[in-house]
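The chain contents come next:
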Amino acid sequence: HADKIFAEIKPLVAKFHALSRGNIENVGILFSQIAGELVDPPTIMALLKVEDAQIAEAQSKKQVPVARLEQLEQAILTSIDESDTADKYSKVLNEHIERLEVVDKVMSGLNSIMVDFHKKVEGDIAKIELLFVDMAPEPQKGKPMPPGMIQALLRVGKTETKCSVEDFLECFRRNLDSTDTVEKLKPVFEAHLAK
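Residues numbered from 1 in each chain as written. Predicted model: local features only at pLDDT ≥ 70, side-chain atom pairs only at ≥ 80, totals over all residues. Heavy atoms only, no water.

Once that is clear, we can look at the pattern of salt bridges. Between side chains of opposite charge, pairing is possible as soon as their charged atoms come close. By the definition in use, this model includes 11 salt bridges. With its nearest N and O atoms 2.9 Å apart, the salt bridge here joins arginine 68 to glutamate 51. With arginine 68 in the loop between α4 (52-60) and α5 (69-79) and glutamate 51 in the loop between α3 (41-48) and α4, this residue pair connects regions lying 17 residues apart in the sequence. On the accessibility criterion, arginine 68 (34% relative accessible area) is partly exposed. Judged by its relative accessible area of 37%, glutamate 51 is partly exposed. One salt bridge connects glutamate 95 with lysine 91, and the closest N-O pair in it is separated by 3.2 Å. (Salt bridge = Lys/Arg side-chain N within 4 Å of Asp/Glu carboxyl O. Helix = DSSP H or I, 4+ residues; strand = E, 2+ residues; numbered from the N terminus. Buried < 20%, exposed > 50% of the residue type's maximum accessible area, 1.4 Å probe, protein only.)

Okay, here's the thing in structure tokens:
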């Protein structure tokens, strides 16, 4: 049963892996959605059989661990139970693929203006927060964030006042959704660059 389902979804698994670059966080969100409940990071690491060497390499680069395609395939194969259908997996995988494709498109379309903005504000977190609040959907648009939230989004220490361009770009990569477009976000960057 599991083999049959897996054979049907294997191309989607490969596409998801390529787009997510095997990022453990993306894999965690995928598994949580499949399970219908939050699957915590230690469980994800165990499901993927992530090796100590992979963890050490990620830590040395200050990044989250990355799963190889075969690790992801094995974990998905293991997670399929009797009541599962290929449709259930396909639907979830396609939603994630769609979001990741949007992220790639938006990130490549905005990369230079994002880098320019970060350079202009010299990584100043307070100025980055102002940009973020202007991008927020209604009714949050334009309202200040709760204390510490911008640092949490950027994944920097609570007392940090600056962030690296990598932190800034990765934060966008994590938080964009399938409704975001270059057309929608570029004017906000342009307005902030003009300030």
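Picking up where we left off.
Below, the discussion takes up the packing of aromatic side chains. One pass over the structure, following the stated rule, counts six aromatic pairs. Aromatic side chains phenylalanine 117 and phenylalanine 189 sit 6.0 Å apart centroid to centroid with 75° between the ring planes, which places their arrangement in the edge-to-face category. Taken as a pair, phenylalanine 117 in helix α6 (residues 86-121) and phenylalanine 189 in helix α10 (residues 182-193) lie far apart in primary sequence, 72 residues in all. The pair formed by phenylalanine 117 and phenylalanine 189 is uniform in burial state, with each residue classed as buried. With a centroid separation of 5.6 Å and 40° between ring planes, the pair formed by phenylalanine 172 and phenylalanine 189 is classed as tilted. In this pair, phenylalanine 172 is assigned in helix α9 (residues 165-175) and phenylalanine 189 in helix α10, connecting sequence segments 17 residues apart. Grouping aromatic residues by their ring pairs yields a cluster made of Phe117, Phe132, Phe168, Phe172 and Phe189. (Phe/Tyr/Trp six-rings, centres within 6.5 Å; stacked < 30°, edge-to-face > 60°.)

Moving on, we get to unusual backbone geometry. With an omega dihedral of 0°, the bond running from glutamate 138 to proline 139 counts as a cis peptide bond. Summarising the element assignment, proline 139 is placed in the loop between α7 (125-135) and α8 (149-154). Look at arginine 21: it is not a glycine, yet its phi comes out positive at around 55°. Relative to the helices and strands, arginine 21 is located in the loop between α1 (2-20) and α2 (24-35). Phi at glutamate 122 takes a positive value of approximately 55°, unusual for a residue other than glycine. Looking at the secondary structure, you find glutamate 122 in the loop between α6 and α7.

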